[in-house]
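As a plain string of letters, each chain reads:
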Amino acid sequence: MKCLRNWLLVLICAAGSVPAIAQLPAALIPEPREIEVLEGSFRLSQSTGLRADKALARTADLLGDYLTATYGLRLKGGAAGKNTIRLVVDRNAGDEAYTLRVGEDGVTIAGSPAGVFYGTQTLRQLIGQTNDGLAVPYVFITDGPRFGYRGLMLDCGRYFYPVEFVKQYIDLMASYKLNRFHWHLTEDAGWRVEIKKYPELTRIGAWRGSTQRGPDPVRDQDRMPHGGFYTQEQIRDVVRYAADRNVTIVPEVDLPGHTMSVLAAYPELSCTGGPFAVPTTWGIKEDVLCIGNERTIAFVEDVLTELAELFPGGLIHIGGDEAPKRRWHECPKCQALIAQKGLKDEHGLQSYFIHHLQRFAASKGREIMGWDEILEGGLAPGATVMSWRGEQGGIEAARHGNPVVMAPNHYFYFDYYQSKDLAAEPFNIWGYVPLDWVYSYEPYGRELTPEQCRNIRGVQANVWCEFIHDEDKVLYMAYPRVLALSEICWTPAAKRDYGGFVRRLPERLHELDRRGVVFRIPEPLGIDRAEVRGNRVVVALEPLVRDARIYYTTDGSDPMVYGKLYTGQIDVPLAFDGVNIQCVVRLPSGRSSAIYKVTPREKE
Ligand code: ACM
Ligand code: ZN
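Residues numbered from 1 in each chain as written. Chains lettered and ligands numbered in written order. Predicted model: local features only at pLDDT ≥ 70, side-chain atom pairs only at ≥ 80, totals over all residues. Heavy atoms only, no water.

J.: Whenever I open this one, the packing of helix H16 (residues 481-490) against helix H17 (residues 498-514) confuses me. Can you help?
T.: Between two packed helices, the angle of one axis relative to the other and the distance separating the axes together describe the packing. Relative to each other, H16 and H17 sit at 125°, their axes nearing to 11 Å. In terms of their interaxial angle, H16 and H17 are classed as oblique. Pair H16 / H17 crosses with right-handed handedness. Between H16 and H17, the contacting residues are Leu483, Ala484 and Glu487 on the first element and Phe501, Arg504, Leu505, Arg508 and Leu512 on the second. (Axes fitted to C-alpha atoms, helices over the stretch in contact; angles between N-to-C directions. Helix = DSSP H or I, 4+ residues; strand = E, 2+ residues; numbered from the N terminus. Parallel < 35°, antiparallel > 145°, perpendicular 65-115°, else oblique. Left-handed = near helix turned anticlockwise from the far one by under 90°. Contact = heavy atoms within 4.5 Å.)

J.: Where do I start with the nonpolar core in this structure?
T.: Counting residues in hydrophobic clusters, the biggest one holds 175 residues, and the most contacted among them are Leu154, Tyr161, Phe181, Trp183, Tyr230, Phe412 and Tyr479. Not counting residues up to four positions away in its chain, the partners in contact with leucine 154 are Tyr161, Phe165, Tyr169, Phe181, His182, Trp183, His184, Val463, Cys465 and Val474. In terms of nonpolar packing, the next biggest core, distinct from the first, is built from 15 residues, Val537, Ile550, Ile570 and Tyr596 among them. (Core = buried A, V, L, I, M, F, W, Y, C linked by side-chain atoms within 4.5 Å. Buried < 20%, exposed > 50% of the residue type's maximum accessible area, 1.4 Å probe, protein only.)

J.: What should I look at first to understand H17 in this one?
T.: Because each turn of an α-helix spans 3.6 residues, side chains separated by three or four positions in sequence point in the same direction. In this model, H17 (17 residues) spans 24 Å end to end at C-alpha, consistent with the 24 Å of a helix rising 1.5 Å per residue. Leucine 505 marks where H17 bends most, by close to 40°; the proline proline 506 follows one to four residues later. Looking at H17, one finds that the buried residues are Gly500, Phe501, Val502, Arg504, Leu505, Pro506, Arg508, Leu509, His510, Glu511, Leu512 and Asp513. On its buried face, H17 sits against helix H1 (57-71), helix H2 (113-126), helix H3 (163-175), helix H13 (435-439) and H16. Where H17 starts, the residue carrying a side-chain oxygen 3.1 Å from the main-chain nitrogen of glycine 499 turns out to be aspartate 497. Residue glycine 516 follows H17 closely and has a positive phi angle near 80°. (Expected span 1.5 Å × (residues − 1). Bend = angle between axes of the 7 residues up to and from the residue. Polar contact = N/O pair within 3.5 Å; in protein donor to acceptor, adjacent residues only side chain to side chain.)

J.: Is there a simple way to explain the coordination of the zinc ion (ligand 2) in this structure?
T.: Ideal geometry at a metal centre gives angles of 109.5 degrees when four donors are arranged tetrahedrally and 90 or 180 degrees when six donors are arranged octahedrally. Of the protein atoms, only Cys271 (SG), Cys290 (SG), Cys331 (SG) and Cys334 (SG) coordinate the zinc ion (ligand 2), at distances of 2.2 to 2.4 Å. Spacing between the donor residues of the zinc ion (ligand 2) along their common chain follows C-x18-C-x40-C-x2-C. Residue cysteine 271 is found in the loop between helix H6 (260-265) and helix H7 (294-310), and its partner cysteine 334 is found in helix H9 (residues 332-341); the two are separated by 63 residues along the sequence. You'll find cysteine 271 and cysteine 334 in the same group, each marked buried. (Donors = N, O, S within 2.8 Å, 3.2 Å for Na, K, Ca; no water.)

J.: Quick question: what am I supposed to make of the sheet that holds strand E8 (residues 149-155) here?
T.: Backbone hydrogen bonds are what pair the strands of a sheet, in a parallel or an antiparallel way. One closed barrel accounts for eight strands, arranged E8-E9-E14-E15-E16-E17-E18-E19; its pairing is parallel. For this sheet the average axis-to-axis angle between neighbouring strands, irrespective of direction, equals 25°. Bridging between strand E17 (residues 384-387) and strand E18 (residues 404-406) involves three bridges; their strand directions are parallel. Within E18, the residue paired with serine 387 across the bridge is methionine 406. (Pairing = 2+ DSSP bridges.)

J.: Explanation requested: the pattern of salt bridges in the structure shown.
T.: When the charged atoms of two side chains lie near each other, side chains of opposite charge can form a pair. Enumeration according to the criterion identifies 38 salt bridges in this entry. Between arginine 146 and glutamate 442 there is a salt bridge, and its shortest N-O distance comes to 2.8 Å. Taken together, the positions of arginine 146 in the loop between strand E7 (133-143) and E8 and glutamate 442 in the loop between H13 and helix H14 (450-453) put the pair 296 residues apart, joining distant regions of the chain. Given the relative accessible area of 28%, glutamate 442 is considered partly exposed. Close ionic contact of arginine 295 with glutamate 268 constitutes a salt bridge, the shortest N to O distance being 3.4 Å. With a gap of 27 residues between them, arginine 295 in helix H7 and glutamate 268 in the loop between H6 and H7 connect regions that are remote in the sequence. On the basis of relative accessibility, which here comes to 51%, the residue arginine 295 falls in the exposed class. By relative accessible area, glutamate 268 is classed as partly exposed at 32%. (Salt bridge = Lys/Arg side-chain N within 4 Å of Asp/Glu carboxyl O.)

Shown next as structure tokens:
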């Protein structure tokens, strides 16, 4: 068979030599380790069989359910000759690795159980609609991840999201081969996990009277009660749901700071005795857990015990970030403990506390992870550092020999803006992290030796919810940036290429639109490349979502209302005040982007 290699080749052959099915593109995200696209396509139809080794029954069910929900196909089990999708365990395959072969013999995905799950995700992305029905291009793919930890966080502490949405979030991230859901379960603004031994955590700590909706902590209060928590039964259900998708949950209880919700419920765990309320504003709060109090130590041990029972994954995230030291400085109990243990100061006290959590978690068979502040005052052995204040903490921890997950805020805080045109974006906290910038991240910094690089276990993006108060906004902030994250986590560094990513994006965004995901619609290609030629302006635009349409105006009027359908290069007189072209992108679902302004090409 002739190897076509390049996914861009869409052969729509002339009449006379028409093959059965037009060649389909293979627009995969994340890009696999190795892919050969071959001439020809496999027809997927009601008569196609689906067979799986016993250990892969759940993965086969998920694939079957997807094909039914998306295409109305109900594939039968049992033998169907060559017209079959086969899922096979390959005991020699690496962790999470698989091969996918689509050819005249049908479809075969072989790998480790996790690898086969990822093979089915790849297969889903390969299925295309042709005039002749559903088809999958002939391919041979050899694939496996670059990093073992491929994470995405959701801040359910600051805003409560129901179980159904958490599941959708996990299901989506798994489509892009991410495998760690960091569930930020506790915050000043709310405690979200049922702990049987401390019922007040969720009776009191899960609820607040109001939410700050805008920049002003006083004027922008909505005065609407908000809250909620996950019962242990619900958590077990989410853990199972995630495991079916090869996603391990990393639960976070943020300690010893960001604990106002704990103190509102149990003020005796503070240095001052309170009273406290669950705050309706965000930011760093002065009151933290009193480490010098034995009841605090018993409390955190009890919480870790219940968490270890609920979450079978190896890691528990204990937070450790943004804990002010003033209360400890003034607290007789904390000062007594500093003296008794011969600690240097309050930083030593924080480190003592984290070391204690590490040892206690180890006694339950768990390792701890913490924000990079856990480096302060001495790092606990084996603790995984999540580097968020840039990369420096991660670099230091990797040099020290500790495992690291890179989540530097200036690349991976997906609550930061995606555009500089703030009028076109929903209000958010601050920052600017556009898609191409996310994609440009390379986890192996130049400061580290190859051996130290091995301590970098992966990368994670975080969706903080100070100002994200609905499900669609979560998805808008996360997507399409999660797709860039996925490629950083999965694809070999040498194969990463933003141009290629952008060419594969339209197919994937078309799919997300079909799935009803309210992602941020990217500006069309060419938007920043208008050419001023004498007294005319010329620009060619291309949407980054397949089958999307662009509507534009050239006189500054609203393209949502007055837009003309873009059918080819715009070539119009230059307005007296310069380039005055604006456009919107309308998706197949009917959803429109914000208004994007065409700007002149920067001089190179
Ligand atoms: C953090 O953003 N405080 C981890
Ligand atoms: Zn204290």
